[in-house]
2 protein chains.
Amino acid sequence: MPLEKTQRTELTELGEFGLIDHLTKDIVLKNKSSVKGVGDDAAVIDNGQKLTLVSTDLLVEGVHFDLSYTPLKHLGYKAVSVNISDIVAMNGTARQVLVGLSVSNRFSVEAIEELYDGIKQACKVHNVDLAGGDTTSSVSGLFISITVIGDVEREDVVYRYTSRENDLVCVTGDLGGAYMGLLLLEREKAMFKDDPSMQPDLEGHDYILSRQLKPEPRTDIIRNLHEIRVKPTAMIDISDGLGSEVLHLCKGSGLGCMIYEDKIPIDLTTVNAAADFNISPVTTALNGGEDYELLFTIGQQDFEKIRVIPGISVIGHMTAPGEGAFLVTGDDQLVEIRAQGWNALKRKD
Amino acid sequence: MPLEKTQRTELTELGEFGLIDHLTKDIVLKNKSSVKGVGDDAAVIDNGQKLTLVSTDLLVEGVHFDLSYTPLKHLGYKAVSVNISDIVAMNGTARQVLVGLSVSNRFSVEAIEELYDGIKQACKVHNVDLAGGDTTSSVSGLFISITVIGDVEREDVVYRYTSRENDLVCVTGDLGGAYMGLLLLEREKAMFKDDPSMQPDLEGHDYILSRQLKPEPRTDIIRNLHEIRVKPTAMIDISDGLGSEVLHLCKGSGLGCMIYEDKIPIDLTTVNAAADFNISPVTTALNGGEDYELLFTIGQQDFEKIRVIPGISVIGHMTAPGEGAFLVTGDDQLVEIRAQGWNALKRKD
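Residues numbered from 1 in each chain as written. Chains lettered and ligands numbered in written order. Predicted model: local features only at pLDDT ≥ 70, side-chain atom pairs only at ≥ 80, totals over all residues.

Asker: How should the overall build of chain A be read in this particular structure?
Answerer: On a plain count of helices and strands, chain A comes out with ten helices and 13 strands. The C-alpha radius of gyration of chain A comes to 20 Å, within 12% of the 20 Å expected for a compact globule of 349 residues. Across the 349 residues of chain A, 56% fall into the buried class. (Helix = DSSP H or I, 4+ residues; strand = E, 2+ residues; numbered from the N terminus. Rg over C-alpha atoms; globule rule 2.2 N^0.38 Å. Buried ≥ 20, exposed ≤ 12 C-beta atoms within 10 Å, placed from the backbone.)

Structure below.
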């Protein structure tokens, strides 16, 4: 059996980011068209005029989604949306998507049609072409692999490792809602399990549910920034929670940062739901994940310019190398920001 | 539960190709960079100078591979190889690969390293950069999604739907070996299950085992054809068996074809193994799959030219629309070619 080895290190010892680092640390790009490989939201390829951006994601039943409360149509929509978000985070435009499906015979053709309806709907809304893929059976469960291809003008591409000291740290929209939506859905599922006659009580929670079930990539922000000629100095999308993404920016740029707790945008419905669950709203924003908002830095000279765009909050600034990443709390305490975001490999523990 | 619907059509009623057709029949490409979408070996994207080719594949444990006899290193190598083959089948050159992994905690870090070693080895041999990916946990088993990106000069791209009447049908290498390798491995596995003290008897079967475990994309043939300035009129790689691929060419081009049984190249070791298993060698070539050789058509005027390239066999010719796809047997019987190739969705029945 190939799995028996003298040494056995558990995957959970490394975690998702650790494993990726470990496996890819010795990779050297050789093709001259390979501009940027592992380590950003998308691979960057130079095929002549514009740069080509490619990103791929695997969505696994029981890890990334739970079909007992996720309608297949929403799942298809979300799978495409969150991949477009990776292209947006490079300041690019998504153009094509390839869909790989692995399905067990538990699923009917009609169920897969629902999933595809959602995929096609997201493609339509975002002007993306469904341009290929692969469909195969699985022994159990549903696996979705999405590859999205986009492009960006050579001078417009934005990486995640190019922030400069004193740059302002900005986020779009509001954070933590998607995670509260998830907690709500999981609570209702647990209650339904205890008492199947119970009707789900999701009223008044439309906003956080839509944040979880139907996230939208912030293509509008990219367009707005382009119109006012502000190019972020670095950018990443918030899939794993603000804390984790802030650390990616810091690590990538070799800088520290200072984030102000009371500047982090959190919707009132998220605050209320967090209170319901006895969680601090800021924790939700920092560690929740799946908001698919953009986190980016700009030069201080652009501060006045971005104020015309609704939905951008300045939440802090980058500091000198070695200064660390800190959250400044409402009562002026400094708390170190640590990665506690979505760690798909550890999540099952 | 989203899975409960009034109508339920089983996936097996449609099969893999039927399901893909069903799900993608209404897709219209809208982006001007989308040159070719669903329905060829790779999606074709126009981003300025060269055309960009992108192909994606899902490999599922228990469906596409069995780890009881597939070393993880070979699996990684093969996963990349077969995807490069899709780019080669468009007459292109593979440049980058993105790897999505979904692994259960049954696997150790060392096991995933083995897999990655194979992936990196294939990248090295074929000058392809490992440029990104996604790693995540699975509830059970191993899922690999590979996306390969390549390019081709605008005037060199070869589709699978552009054969012309009277074109010659060619294949590279020899066929059926990969399938005989698979049967051999499965027989040894079954015998080992009955008697665990048994030593596997794989001696003398190196060739068919390597065909199954370590297929190579025919980048050499593409290069050779380019050197002698022969551009195939249509091309596809043989992943599902010659029969299935011949039908793709016929359907794509709206033509019939005549394939001569005694022209189909089959290695002597494949013939011997087939005899061992009481299977006709031609059936193995037609229905076995996973040879990753190229099937292509050329104009009759190129017949003399291609004879300088070793490893190309002319096996038949394309006929008029509506004439059907036929195999001419050794005793001059006409047998209609039907798709009995690898059908991943039906394979579990």
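Asker: Whenever I open this one, the interface of chain B and chain A confuses me. Can you help?
Answerer: A common way to express how large an interface is: the accessible area buried when the components associate. Listed per partner, the contact involves 80 residues of chain B and 80 residues of chain A. Of all the secondary-structure elements, those providing two or more residues to the side of chain B that touches chain A are helix H1 (11-24), strand S2 (43-46), strand S3 (51-60), strand S4 (93-103), helix H3 (109-125), strand S5 (129-137) and strand S6 (142-152) of chain B. The element that contributes the greatest number of residues to the side of chain B that touches chain A is S5(B), accounting for nine residues. Residue composition of the side of chain B that touches chain A, by class: 34 nonpolar, 30 polar and 16 charged. (Contact = placed C-beta atoms within 7 Å. Nonpolar A, V, L, I, M, F, W, Y, C, P; charged D, E, K, R; others polar.)

Asker: I'm lost on the relation of the copies chain B and chain A in this one. Help?
Answerer: The two chain copies are connected by a rotation around an axis plus a translation along it. Once turned by 180° and shifted 0.0 Å along the axis, chain B lies on chain A with an RMSD of 0.0 Å. With respect to symmetry, the two chain copies, as superposed, fit the operation of a two-fold axis. The residues that chain B uses at the interface reappear at the interface of chain A in 100% of cases, marking a shared surface. (Least-squares fit on C-alpha atoms with pLDDT ≥ 70 in both.)

Asker: Which parts of the structure should I look at to understand the sheet that holds strand S10 (residues 294-298) of chain A?
Answerer: As a general point, the strands of a sheet are linked pairwise by backbone hydrogen bonds and lie either parallel or antiparallel. All names here are of chain A. Strand order in this open sheet of seven strands is S8-S10-S7-S11-S9-S12-S13, and the pairing throughout is mixed. Of all the strands in the sheet, the pair left with one neighbour each is strand S8 (234-237) and strand S13 (334-336). The average angle at which neighbouring strand axes cross in this sheet is 25°, direction not considered. Pairing geometry for strand S7 (residues 168-172) and S10, over four bridges, is antiparallel. Residue Cys170 lies in a different strand from S10, and its bridge partner there is Phe296. Strand contacts of helix H7 (residues 242-253): S7, S8, strand S9 (256-260), S10, strand S11 (312-319) and strand S12 (325-328), with the helix running at about 150° to S8, the strand carrying the most contacts. (Pairing = 2+ DSSP bridges. Axes fitted to C-alpha atoms, helices over the stretch in contact; angles between N-to-C directions.)

Asker: Which parts of the structure should I look at to understand H7(A)?
Answerer: The periodicity of an α-helix, 3.6 residues per turn, causes residues three or four positions apart to be oriented the same way. All names here are of chain A. End to end, H7 covers 16 Å across twelve residues, agreeing with the expected 16 Å (1.5 Å per residue, within 8%). Of all the twelve residues making up H7, nine are buried; the element is thus mostly covered by neighbouring parts of the structure. Among the residues making up H7, those that are buried are Leu242, Gly243, Ser244, Glu245, Val246, His248, Leu249, Cys250 and Ser253. Where H7 terminates, the next one or two residues include Gly254, which has phi positive at roughly 65°. (Expected span 1.5 Å × (residues − 1).)

Asker: Even after reading the chapter, I still don't get the nonpolar core, so can you show me in this structure?
Answerer: Across soluble globular proteins, nonpolar side chains show a tendency to be buried alongside one another. Core analysis: the largest hydrophobic core is formed by 179 residues, its most contacted members being A:Val97 and B:Val97. With residues near it in sequence (within four places) discarded, A:Val97 still touches A:Val80, A:Asn83, A:Cys123, A:Val128, A:Leu130, A:Ala131, A:Ile146, A:Thr147 and A:Val148. (Core = buried A, V, L, I, M, F, W, Y, C linked by C-beta atoms within 7 Å.)

Asker: Sorry if this is basic, but what is going on with the environment of B:Thr329 here?
Answerer: Residue and element names in this part refer to chain B. By the element assignment, Thr329 lies in the loop between strand S12 (325-328) and strand S13 (334-336). For the pair Thr329 and Glu261, spaced 68 residues apart in the sequence, the C-alpha separation amounts to 5.1 Å. If sequence neighbours within four positions are ignored, Thr329 has contacts with Glu261 and Val335.

Asker: Whenever I open this one, the domain arrangement of chain A confuses me. Can you help?
Answerer: Residue and element names in this part refer to chain A. Under the domain assignment, chain A is made up of domain 1 (31-155) and domain 2 (168-336). The straight-line distance from the C-alpha centre of domain 1 to that of domain 2 is 22 Å. Taken together, the contacts link 16 residues of domain 1 with 17 residues of domain 2. For the side of domain 1 that touches domain 2, the residue count by class is six nonpolar, seven polar and three charged. (Domains from an automatic or database assignment.)

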